Number of protein chains: 4
Amino acid sequence: MSSSPPPPPATSRPHTGRRRNPAVRDAVLRSAAELLAGPDGMAVSIDAIARMAGVSKHTIYRWWPSKGAVLLEAVVEHAQQEVAIPDTGALVTDLATFLADTFRAVERAGALLRRLIAEALRDTASAQEMREFIVARRGGLRSLLVRGQERGELPAEQELELTMDQIYGLMWYRLLIADSPLTADDAARLARSVAGRPHS
Amino acid sequence: MSSSPPPPPATSRPHTGRRRNPAVRDAVLRSAAELLAGPDGMAVSIDAIARMAGVSKHTIYRWWPSKGAVLLEAVVEHAQQEVAIPDTGALVTDLATFLADTFRAVERAGALLRRLIAEALRDTASAQEMREFIVARRGGLRSLLVRGQERGELPAEQELELTMDQIYGLMWYRLLIADSPLTADDAARLARSVAGRPHS
Amino acid sequence: MSSSPPPPPATSRPHTGRRRNPAVRDAVLRSAAELLAGPDGMAVSIDAIARMAGVSKHTIYRWWPSKGAVLLEAVVEHAQQEVAIPDTGALVTDLATFLADTFRAVERAGALLRRLIAEALRDTASAQEMREFIVARRGGLRSLLVRGQERGELPAEQELELTMDQIYGLMWYRLLIADSPLTADDAARLARSVAGRPHS
Amino acid sequence: MSSSPPPPPATSRPHTGRRRNPAVRDAVLRSAAELLAGPDGMAVSIDAIARMAGVSKHTIYRWWPSKGAVLLEAVVEHAQQEVAIPDTGALVTDLATFLADTFRAVERAGALLRRLIAEALRDTASAQEMREFIVARRGGLRSLLVRGQERGELPAEQELELTMDQIYGLMWYRLLIADSPLTADDAARLARSVAGRPHS
DNA sequence: CTTTAACCGAGACGGTACGTCGTGTCTTAAA
DNA sequence: TTTAAGACACGACGTACCGTCTCGGTTAAAG
């Protein structure tokens, strides 16, 4: 999940010439993130990123294949801080905590994520990469649910993928469609719901 | 849910001048729908709509405030055919049927809906209207669930709004993020899941 | 030089229906003149004329074939006040007076005339009518010069048309190209020049 | 008299970045000239120039501030071939030759010049530049007249600027207003007229 | 210590879309 | 039949963004 270099030369000559300047990558991603987090109407253009980063457009396109790729990597960088996977022994509690943390993180990055999806919807190539990133991030929740199943807190027959689709579906729905907040209360109720004790 | 005219004049003068040509509206919406349904990469521009409809851009902008408004109305026009609300007496069965129908309709209109959301994500004004449309269309599912609650098939305490967010969330998640199909099987399993009998 | 009616009906039926409202003609020409006299950058559109006159565009196009025709007629109306043709017995004096008066009138109507020519340069049809109008207005100067020739103040062989081209040429040159003022002093010197006593 | 770049950066950095492609400038000016010389009714649009030159509109606007500036430069480029300043010793003869040559050149470029002035009349910014260009081109005639004065063929008191206004005034009058030809005979008679021997 | 290849900022360029404006024609309903 | 209101097609305007492409200058490993 890092800016892919231009196709490595087939010859096995190790490397000559000036090395990539890591400051460039940072400047680009930081500028992108800053613009992405801006007011909702504002569009994020490559020109603007380049200008703010003090970098040439060409350099951006050397390291990222498209605007979507830049945005994705900026979001990835920002989302680095993993949400912890709690283990108190009680699935519903753990789930509620995890979801509340996740929701909080997502709320904070709302503008970024909306714009990221906007770009993915325009550019098939970006979409694939984003899909992969998002799918990869489901691992935390999955392990939590699997543990629940192993402990018998969740029926063995329950389709975890569908459950996860419901959970993340609700999250994205609120973010992209309904534009309504994701609260800790939502997290708690959702946790009870998918754990089969909706009203305890 | 019709192309809003520019603010109706405050005076109560009945109407003077040439009337709006309904053929224009139809041609624009038909062209928009056709382009919206096109291959996934292709962008839908006002220029293209105008060209295909044999209509001037000016005319489009006279009746619709933005591209998003045109797309929304095209989708609305297309989505006219309501999904029936079945009533066999068994909530899970009814729900499964309703969702299967809904999913089928949504799958058919996939490209349209993706582009619609794409536009909403880049134009705050459009977003509000789309939100209203989408929220309005939740009525069918709500009545189905309410009936289930009244019959005691669903606990009275169950938060229907959250349940609906889960259902529609899954649907949009598959459509926008995962880009994976929505099958009749998904409908059935989802129906069982939200009705609290996930594995019967 | 009046707004040409649409081709008179061949049938000799005297006239049915509502008669032309003369107030419309006045309102249109007055508005056109007002806009024409506006600041130099501002364009004069038919829409603007119609709006200011409280008249529909259609009505304008019913009575005038093009924008140029409206502008021309507005200028004609404004230029109605004829420049007097003096007769003191001395050609140079008379000519100087006449030209000074003419220059003063033209300077006042500068913006109008510039825009009129601008329109004529875009629209061949208008151009012809304007040409005719301008040529028709040469009569005053011509009679003055002819009288000078008859009195022997001007050689009989002098080509009056060429002389007039020089005089009006200078006037339009200053107005359209050089954008420099036409003074009474210019009038006097020009009068002496064409009368063959440039430095007396 | 060349397409002005956007304000040269104040810093004295020599130049970085890709250089301006001279082929672009040529293609634009050539296309502009070709369209300018087209049939009289046809308007010359930036779109058309860009299309014909195989250049993007953006590029045109990068180098020229307005349509007028493009047209002016196209005309300048075309008018490069200077009219020779003859010196036979006799002012009237020299003047007649010079004017005949000038008239011939101007007649050939008639459509261009008309459209150039049309543009200047609707765009104050262009007007100023065109004025400067036209004024600059008066030098040839002026030197001819000055020589005549020095030789005593023209009275020392004669106002040369006024004389030139008469000459160029007649020329533009025929071109823009009267739309009548400028012949060699006109040149000869005009030469005699301004040289004070109108009927020899 | 020179070569040489890669990196990089500046920025020109073609293409495509945007939303606005102006002209001239046409339609409707009232006067 | 005239009129005001106003819809409509056509086509130009000037701006913006995308992704590609030079142009020089810089940097570091390889010779």
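Just so it is clear, the structure is predicted and the values come from calculations on it, not from any experiment. (Residues numbered from 1 in each chain as written. Chains lettered and ligands numbered in written order. Predicted model: local features only at pLDDT ≥ 70, side-chain atom pairs only at ≥ 80, totals over all residues. Heavy atoms only, no water.)

**So, the overall build of chain A**
Each helix and strand in chain A was counted, giving ten helices and zero strands. Along its sequence from the N terminus, chain A presents helices and strands in the succession α-α-α-α-α-α-α-α-α-α. For chain A, the spread of C-alpha atoms along the principal axes amounts to about 65 × 45 × 30 Å. For chain A, the residues scored as buried account for 48% of the 200 residues in total. Here the contacts in chain A between residues at least 6 apart in sequence split such that 69% fall between residues at least 24 apart. For chain A, the computed accessible surface area is about 9800 Å², with 55% contributed by carbon and sulfur atoms. In chain A, 25 positive and 24 negative side-chain charges are present, and the distance between their average locations comes to 8 Å. (Helix = DSSP H or I, 4+ residues; strand = E, 2+ residues; numbered from the N terminus. Buried < 20%, exposed > 50% of the residue type's maximum accessible area, 1.4 Å probe, protein only. Contact = heavy atoms within 4.5 Å. Areas by Shrake-Rupley, 256 points an atom, 1.4 Å probe, with all protein chains shown as cover. Lys, Arg positive; Asp, Glu negative; His and termini not counted. Charge placed at Lys NZ, Arg CZ, Asp CG, Glu CD.)

**As for the domain arrangement of chain A**
Residue and element names in this part refer to chain A. Along its sequence, chain A is carved into domain 1 (22–77) and domain 2 (82–194). Here the C-alpha centre of domain 2 lies 26 Å away from the C-alpha centre of domain 1. Domain 1 puts 19 residues into the contact, and the matching count from domain 2 is twelve residues. Roughly 1200 Å² of surface becomes buried between domain 1 and domain 2 when both sides are summed, with 67% attributable to carbon and sulfur atoms. By the criterion of area lost to domain 2, the three top residues of domain 1 are L36, L72 and V75, representing 43% of everything that side buries. (Domains from an automatic or database assignment. Buried area = accessible area lost by both parts, 1.4 Å probe.)

**Notes on the relation of the copies chain B and chain A**
Of the two same-sequence chains, chain B is brought onto chain A (RMSD 0.2 Å, axial shift 0.0 Å) by a rotation of 180 degrees. On the angle and the small slide along the axis, the relation comes out as a two-fold axis. For chain B, the minimum C-alpha distance to the rotation axis belongs to G169 of chain B and amounts to 2.0 Å. Mapped onto chain A, 100% of the interface residues of chain B are again interface residues, and the two copies thus contact each other with one and the same surface. (Least-squares fit on C-alpha atoms with pLDDT ≥ 70 in both.)

**A word on helix α9 (residues 160–178) of chain A**
Residues and elements named next belong to chain A. In this model, α9 (19 residues) spans 25 Å end to end at C-alpha, consistent with the 27 Å of a helix rising 1.5 Å per residue. At W172, α9 shows its maximal kink, close to 30 degrees. When you tally the buried positions in α9, you get 17 out of 19 residues, the bulk of the element. After α9 finishes, the residue D179 shows a positive phi value of roughly 50 degrees. (Expected span 1.5 Å × (residues − 1). Bend = angle between axes of the 7 residues up to and from the residue.)

**A short note on the pattern of salt bridges**
One pass over the full model with this rule turns up 78 salt bridges over all chains. E161 of chain A serves as the salt-bridge partner of R138 of chain A, at 3.1 Å between the closest nitrogen and oxygen. Pair noted here: R138 of chain A is in the loop between α7 (124–136) and α8 (139–150) and E161 of chain A is in helix α9, with a separation of 23 residues, a long-range link. In this structure R138 of chain A comes out as buried when scored by relative accessible area, which is 5%. For D94 of chain C, the salt bridge identified is with R147 of chain C, shortest N-O distance 3.1 Å. Placement of D94 of chain C in helix α5 (residues 91–108) and of R147 of chain C in helix α8 (residues 139–150) is noted, with a sequence separation of 53 residues between them. The class for D94 of chain C is buried, based on a relative accessible area of 1%. Through salt bridges with shared partners, a single ionic network connects R138, R142, E159, E161 and D165 of chain A together with R174, D185, D186 and R189 of chain B. (Salt bridge = Lys/Arg side-chain N within 4 Å of Asp/Glu carboxyl O.)

**Some details on the relation of the copies chain C and chain D**
Laying chain C over chain D is done by rotating through 180 degrees and shifting 0.0 Å along the axis; what remains is an RMSD of 0.1 Å. A share of 100% of the interface residues of chain C reappears at the interface of chain D, consistent with the copies meeting face to face through the same patch.

**Description of the interface of chain B and chain A**
Taken together, the contact between chain B and chain A spans 33 residues of the former and 34 residues of the latter. For the pairing of chain B and chain A, the buried interface totals around 3200 Å² over both sides, and the portion due to carbon and sulfur atoms is 62%. A per-residue breakdown of the area chain B buries against chain A is headed by L121, Y173 and I177 of chain B, which together make up 22% of the total. Counting across the interface, chain B meets chain A through four salt bridges. The interface formed by chain B and chain A includes eight residue pairs in polar contact (both at pLDDT 80 or more). With twelve residues, the single largest contributor to the side of chain B that touches chain A is helix α9 (residues 160–178) of chain B. Split by residue class, the side of chain B that touches chain A holds 15 nonpolar, seven polar and eleven charged. (Polar contact = N/O pair within 3.5 Å; in protein donor to acceptor, adjacent residues only side chain to side chain. Nonpolar A, V, L, I, M, F, W, Y, C, P; charged D, E, K, R; others polar.)

**Thoughts on the UniProt feature "DNA-binding region" (unreviewed entry) in chain A**
UniProt feature "DNA-binding region" (unreviewed entry): in the numbering of this structure it lies at residues 45–64 of chain A. As a span, residues 45–64 of chain A carries 75% helix and 0% strand, and end to end its C-alpha atoms are 14 Å apart. (UniProt positions renumbered as here; feature names shortened; annotations may be inferred.)

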